[in-house]
Amino acid sequence: MDSTATASLASLWDEVSGTQPDPDLWVVIATLGAALAVVVPHGLWRISRNAITIAHEGGHGLVALLTGRTLTGIRLHSDTSGLTVSRGKPHGIGMILTAAAGYTAPPLLGLGGAALLGSGRITLLLWLATALLLAMLVMIRNAYGALTMLVTGGLFVLVSWLAGPQVQAAFAYAVVWFLLIGGVRPAFELQAKRARGGAGDSDADQLSRLTHVPAGLWFFLFHAVSLCSLIGGGRWLLDL
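Residues numbered from 1 in each chain as written. Predicted model: local features only at pLDDT ≥ 70, side-chain atom pairs only at ≥ 80, totals over all residues. Heavy atoms only, no water.

(A) The packing of aromatic side chains, seen in detail. Within the structure shown, the criterion is met by four aromatic pairs. Look at Trp127 and Trp161: their rings are 5.5 Å apart centre to centre, the planes differ by 35 degrees, and that puts the pair in the tilted class. Linking Trp127 in helix α5 (residues 122-137) with Trp161 in helix α6 (residues 143-162), this pair joins segments that are 34 residues apart in sequence. Assessed through its relative accessible area of 26%, Trp127 is described here as partly exposed. Seen from their ring centres, Phe219 and Phe222 are 6.1 Å apart, and the 80 degrees between their planes marks the pair as edge-to-face. Residue Phe219 and its partner Phe222 are located together in helix α10 (residues 215-238), separated by three residues, close to a single helical turn. By relative accessible area, which is 1% here, Phe219 ends up buried. (Phe/Tyr/Trp six-rings, centres within 6.5 Å; stacked < 30°, edge-to-face > 60°. Helix = DSSP H or I, 4+ residues; strand = E, 2+ residues; numbered from the N terminus. Buried < 20%, exposed > 50% of the residue type's maximum accessible area, 1.4 Å probe, protein only.)

And the structure:
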């Protein structure tokens, strides 16, 4: 019995950590088009931005934990805003990194996903994403956030367990393209909102108070990370 279980676990690990064939170029291009189609039009972006908010707030939460802070909860709201609450020193490197992780998380996750897909590890990407979503679900503290996480996580579970290799590949590439492209837009939207006198307590403003560095320089960092991730990740996905 033990040897059978060990063999099954070894087989599962080989399946997850192994490589899968790259999809045809037309699939990569089609998933790029699909990502653009849900990010560029304003109407669809109001819906799809919920997924970027998951990555944004997940970035805050993950870095809070990695820097020794105590993560107390995450909320996702129907207007695509979110809130991550952690306990710890209200200043210092841990707080700075936690605040900076939000707008940089979606493009960096996309870049990491592109690296995995570039090395043929489609299954590993899907399983890692599913594990992160399930871990984040535990920290959700409102009904809308829980529903959003259940729908998103359920979709990943269904694709990971039930879909064929071609569907899994197309789904994985679409998700990574979406993170790379969708990770660019929020910082520009926030900057425009601040220019109109709104969002006075944004991540950039919090970082400015924590570091005494102007908010404009933090926006430059957000833009640099997202655009460089898009360029680098896009090259990996297109195998350039």
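(B) Highlighting the UniProt feature "transmembrane region" (unreviewed entry) in the protein. Mapped onto this structure's residue numbering, the UniProt feature "transmembrane region" (unreviewed entry) falls at residues 25-45, 93-116, 122-140, 147-164, 170-188 and 217-238. The span residues 93-116 shows a helical share of 100% and a strand share of 0%, and its end C-alpha atoms are spaced 29 Å apart. A distance of 26 Å separates the end C-alpha atoms of residues 147-164, which is 89% helix and 0% strand. (UniProt positions renumbered as here; feature names shortened; annotations may be inferred.)

(C) Layout of the pairing of strand β2 (residues 82-87). Relative to β2, strand β1 (residues 70-76) is paired through six bridges, and the arrangement is antiparallel. Counterpart to Gly73 in the pairing with β2 is Val85. Once β1 ends, the chain turns through five residues before running back antiparallel as β2, passing Thr80 with a positive phi of about 70 degrees. (Pairing = 2+ DSSP bridges.)

(D) Quick peek at helix α4 (residues 93-118). For α4, built from 26 residues, the straight-helix expectation of 38 Å at 1.5 Å per residue is missed by more than 12%, its first-to-last C-alpha distance being only 33 Å. Helix geometry: α4 is bent most strongly at Thr104, by close to 60 degrees, with proline Pro106 lying one to four residues after it. (Expected span 1.5 Å × (residues − 1). Bend = angle between axes of the 7 residues up to and from the residue.)

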